[in-house]
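Secondary and tertiary structure notes
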Amino acid sequence: MRDCRIVLVEEVKLTDLVAPSVLTQPVYQPGRPIDDVARELGLDPTGIIKLASNENPLGTSPKALEAMRRAIEDSALYPDGGSVKLRARLGERHGVEPSQIVVGNGSNELLELLGHVFLRPGDEAVMGTSAFIVYKLVTLLFGATAVEVPLVNHLHDLDSMAAAITERTKMVFLPCPNNPTGTLNAAAEVRAWVEALMERVVVVLDEAYAEYLDETSDWTDYFAKGRKIVVLRTFSKIFGLAALRVGYAIATEEMAGRLQRVRQPFNVNAIGQAGALAALDDREWVERCRQENKAGLLQLAAGFEDLNLEYVPSVGNFILVRVGEGAKVFRDLQKLGVIVRPVDVYGLPEWIRVTVGTESQNGRLLTLLKDYQAARN
Ligand SMILES: Cc1ncc(COP(=O)(O)O)c(C=O)c1O
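Keep in mind it's a predicted model, so treat the numbers as computed, not measured. (Residues numbered from 1 in each chain as written. Predicted model: local features only at pLDDT ≥ 70, side-chain atom pairs only at ≥ 80, totals over all residues. Heavy atoms only, no water.)

**A word on the overall build of the protein**
- In terms of regular secondary structure, the protein is built from 15 helices and 13 strands.
- Across its three principal axes, the protein shows a C-alpha extent of roughly 75 × 60 × 50 Å.
- The buried share of the protein, reckoned over its 377 residues, is 51%.
- The contacts of the protein with a sequence gap of at least 6 include a subset with a gap of at least 24, amounting to 74%.
- Accessible surface, the protein: about 18400 Å² in total, of which carbon and sulfur atoms supply 53%.
- A gap of 3 Å separates the mean positions of the 41 positive and 49 negative side-chain charges of the protein. (Helix = DSSP H or I, 4+ residues; strand = E, 2+ residues; numbered from the N terminus. Buried < 20%, exposed > 50% of the residue type's maximum accessible area, 1.4 Å probe, protein only. Contact = heavy atoms within 4.5 Å. Areas by Shrake-Rupley, 256 points an atom, 1.4 Å probe, with all protein chains shown as cover. Lys, Arg positive; Asp, Glu negative; His and termini not counted. Charge placed at Lys NZ, Arg CZ, Asp CG, Glu CD.)

Structure, rendered in structure tokens:
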């Protein structure tokens, strides 16, 4: 038997072993689930509405539900690790080769894969101060520095972001549109900015809400020229598959290959892949959701105007409204069975973010805000 020569003089604390970036890593605060709130506040879950996570209030396409019911029968088998069928369909949809598509466990996973591939301690990533918070979380997780550039009138300040690029910058994040502000930089301005930056850094264009827009930019010519841009999309929003966790990246073949290398072999489950394929083809359903969202945005904006509440015009499926003490209003609305999102973590303590619901859900929120105002006056 070999002699064990390790002599422990002093117990090593767990914190001495943990990677330094993990010790200081902030924790993501998701929208609160209905059951959680019901348990905590003793409410009937069926009476609670959640307008907190930018989910689709109309649910999931019936065709996707049917495809997922069929797929669940094969649950004993591992999923297709390469998401081959889904990548082929997405390639057709976007006019690129399947080898240019990477499917992830939600687009959040793709953001993390970008971190794996590009970020090391000492590197920098540039983003807006009130941009989707996962850009910052991923940057910090890999020990890199998040360089945050203030938004101007709730819009990304592209010139200042370009000026913030140094020789240490690896990536720049631009959400199109942004969450939580719902704002979108003009297409021509974004194109010129991408053109100027992509020679030097990886430009990540996060298009999680693209399907709600009237028009989206076409980046295929940039991929064809081998440019360093990555476009992110998700099935969590208009496609109504947030629970299944399916997102994808479109990039050059070289970039996609790097991302493929660092993902788990079976990162996207089979039910999600089946649901995503069917949801993609259900164009009628997507169009209906898009139109209902537009009507809901108008309903909420008109309601906020009636209540004299400032709001930020949005092109997403959510809207920022200024209510005073956002965290308190969030708690008070929650007690009344409506879950919204406080946004102090985005430097917006006077605001809440409201996901566009169905007509009756939006109506309920507006009535509660009206009663709330009346009680305060
Ligand atoms: C701008 C933006 N990007 C990415 C995501 C992540 O979406 P998912 O991981 O569900 O695909 C979200 C989710 O809210 C988002 O708002």
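**Considering the sheet that holds strand E8 (residues 247-250)**
- Strand order in the open sheet formed by seven strands is E2-E8-E7-E6-E5-E3-E4, with mixed pairing between adjacent strands. Two strands lie at the open edges of the sheet, namely strand E2 (101-104) and strand E4 (145-149), each paired on one side alone. Pairs of neighbouring strands in the sheet enclose a mean axial angle of 20°, with direction left out of account.
- Here E2 pairs with E8 via four bridges, running antiparallel. Looking across to E8, one finds that Val102 is bridged to Ala249.
- Docked against the sheet, helix H5 (residues 84-94) engages E2, strand E7 (229-234) and E8, running at close to 125° with respect to E2. (Pairing = 2+ DSSP bridges. Axes fitted to C-alpha atoms, helices over the stretch in contact; angles between N-to-C directions.)

**With respect to unusual backbone geometry**
- Note the cis peptide between Cys176 and Pro177, where omega equals 0°.
- Cis rather than trans, the peptide bond between Asn179 and Pro180 has omega equal to 20°.
- Within the secondary structure layout, Pro180 lies in the loop between strand E5 (169-175) and helix H9 (187-197).
- Of note, His154 is a non-glycine position whose phi angle comes to about 65°, a positive value.
- Position of His154 among the secondary structure elements: in the loop between E4 and helix H8 (158-163).
- Notably, Asn308 is not glycine yet its phi reads approximately 60°, a positive angle.

**Let's talk about the site of the ligand**
- In the vicinity of the ligand, the contacting residues are Gly106, Ser107, Asn108, Phe132, Asn179, Asp206, Ala208, Tyr209, Thr234, Ser236, Lys237 and Arg245.
- Between the ligand and Ser107 there is a distance of 2.7 Å, counted from an oxygen atom to a backbone nitrogen or oxygen.
- Per-element accounting of the shell around the ligand gives the leading share, three residues, to helix H6 (residues 106-118).
- In terms of residue class, the shell around the ligand is built from three nonpolar, six polar and three charged. (Near = heavy atom within 4 Å. Polar contact = N/O pair within 3.5 Å; in protein donor to acceptor, adjacent residues only side chain to side chain. Nonpolar A, V, L, I, M, F, W, Y, C, P; charged D, E, K, R; others polar.)

**Thoughts on a nonpolar patch on the surface**
- A contiguous nonpolar patch, built from Val12, Leu14 and Leu17 and spanning about 340 Å² of accessible area, is present on the exposed surface.
- Its place among the elements puts Leu14 in helix H1 (residues 14-17).
- Leu14 gets classed as exposed once you look at its relative accessible area, which sits at 65%. (Patch = residues over 30% accessible without salt bridge, like charges linked within 9 Å, V, L, I, M, F, W, Y side chains within 5 Å. Salt bridge = Lys/Arg side-chain N within 4 Å of Asp/Glu carboxyl O.)

**A closer look at the domain arrangement of the protein**
- Per the domain assignment, the segments of the protein are domain 1 (14-58 + 284-376) and domain 2 (62-282).
- If you average the C-alpha positions of domain 1 and of domain 2, the two centres end up 24 Å apart.
- Buried surface at the junction of domain 1 and domain 2, summed over both partners, amounts to about 2600 Å²; 63% is from carbon and sulfur atoms.
- Linking domain 1 with domain 2 are two salt bridges.
- The closest approach of N and O atoms between Arg290 and Asp214, which form a salt bridge, is 3.2 Å.
- If you list the elements that add at least two residues to the side of domain 1 that touches domain 2, you get helix H2 (20-23), helix H13 (283-306), strand E10 (318-322) and strand E13 (351-355).
- The element contributing the most residues to the side of domain 1 that touches domain 2 is H13, with seven residues.
- Along the lines of polarity and charge, the residues of the side of domain 1 that touches domain 2 split into 16 nonpolar, nine polar and five charged. (Domains from an automatic or database assignment. Buried area = accessible area lost by both parts, 1.4 Å probe.)

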